[in-house]
Amino acid sequence: MSMAKSTTLKDSRDRILDAAARLFLAQGFEGTSMRQLASEAGVNLAATNYHFGSKEGLMQEVLRRHLDRLSEERLRTLDALERAAGGKPLKPSQVVEAFFGSLLHLADNDAEGGTTFLRLLGRTLTEPAGFIRAFLAEEHKDVIERYRQALFNALPDVPRVEIVWRFNFMLGAASYAIAGTDTLRLVTGWEVEESDGGERFERLMARLMAFLLGGLRAPLPEFPYPLPAKNRGPGQPEFDSRRGR
């Protein structure tokens, strides 16, 4: 393949990915057709099928385009924190800030579509198709496991099942927040300030981080619950009946 043809194929592929990110964000996955995607990208339908095979394959590549970089940064940040800690557990705030703070860094790369991707990711996580849920679980598997273990180590006195639930709530809150402020306007009637690009996400992340850390530090629920062996930390009883911390 000649260099000129290779460059042309890459350009058309990138245009399709850019167009798909915009349309999936505006219309949702189900509401967007391959024909619309081809028209938005300025290519023929055959080119879209050639590069991605299907709409599902295209959505996966749109997400993978940034998810790989996001995962690498999260692992790199956690590695650096653990090296600096010299084998001691990290603070819970360090773990949370490392995981969710990477979203802010991605938003700073708005020239590369970071802000659009974050809003698309938020929408995708709040209304996922089955294949997207499976894809994201597989893509995030190693990262989630590393951060989950870091939280277990950081919170040895908190039942592991409770940490998993809280991490799940944090993921949900973050997904909802980065999806955009349209729902906030609809529910409250408030006009939310909308700075452009990274500044808007910087303010959003400051609010989000304060909320997430508050939730992580909240008292334990006031009911006894069984703790399966795989969810118990060292020395924790089979049945935890503590009230609060």
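Whatever comes next refers back to the structure up there.
Because the structure is a prediction, the values reported are computed rather than measured.

Colleague: Describe the pattern of salt bridges, with residues and values.
Modeller: A pair can form between side chains of opposite charge whenever their charged atoms are brought close. Under the criterion given, the structure shown has 11 salt bridges. Here aspartate 14 ties to arginine 65 by a salt bridge, and the two come within 4.0 Å at their closest N and O atoms. Here the residue aspartate 14 occupies a position in helix H1 (residues 3-27), and arginine 65 occupies one in helix H4 (residues 55-85), the gap between them amounting to 51 residues. Take aspartate 14: its relative accessible area is 23%, and that puts it in the partly exposed class. In this structure, the salt-bridge partner of glutamate 40 is arginine 22, at a minimum N-O distance of 3.2 Å. In this pair, glutamate 40 is assigned in helix H2 (residues 34-41) and arginine 22 in helix H1, connecting sequence segments 18 residues apart.

Colleague: Can you lay out helix H7 (residues 130-154) for me, pointing to particular residues and giving the numbers?
Modeller: The axis of H7 is deflected most strongly, by about 55 degrees, at lysine 141. All of the buried residues in H7 are Ile132, Phe135, Leu136, His140, Val143, Tyr147, Ala150, Leu151, Phe152 and Ala154.

Colleague: Please set out the packing of aromatic side chains residue by residue, giving values where relevant.
Modeller: According to the stated counting rule, one finds seven aromatic pairs in the structure shown. Here phenylalanine 29 and phenylalanine 131 contribute two aromatic rings whose centre-to-centre distance is 5.1 Å and whose plane-to-plane angle is 55 degrees, an arrangement assigned as tilted. In this pair, phenylalanine 29 sits in the loop between H1 and H2 while phenylalanine 131 sits in helix H7, placing the two residues 102 residues apart along the sequence. Take phenylalanine 131: its relative accessible area is 22%, and that puts it in the partly exposed class. Ring geometry for phenylalanine 99 against phenylalanine 167: centres 5.3 Å apart, planes inclined by 70 degrees, an arrangement best described as edge-to-face. Here phenylalanine 99 is found in helix H5 (residues 92-107), whereas its partner phenylalanine 167 is found in helix H8 (residues 160-178), with 68 residues between them in sequence. What links up through ring pairs into an aromatic cluster is the set Phe99, Phe100, Tyr147 and Phe167. It is lysine 55 that lies over the ring of phenylalanine 29; its NZ or CZ is 4.5 Å from the centre. The ring of phenylalanine 99 has arginine 74 sitting right over it, with the charged end atom 3.7 Å from the ring centre.

Reading the values: rules and limits
- Residues numbered from 1 in each chain as written.
- Predicted model: local features only at pLDDT ≥ 70, side-chain atom pairs only at ≥ 80, totals over all residues.
- Heavy atoms only, no water.
- Salt bridge = Lys/Arg side-chain N within 4 Å of Asp/Glu carboxyl O.
- Helix = DSSP H or I, 4+ residues; strand = E, 2+ residues; numbered from the N terminus.
- Buried < 20%, exposed > 50% of the residue type's maximum accessible area, 1.4 Å probe, protein only.
- Bend = angle between axes of the 7 residues up to and from the residue.
- Phe/Tyr/Trp six-rings, centres within 6.5 Å; stacked < 30°, edge-to-face > 60°.
- Lys NZ or Arg CZ within 6 Å of the ring centre and 35° of its normal.

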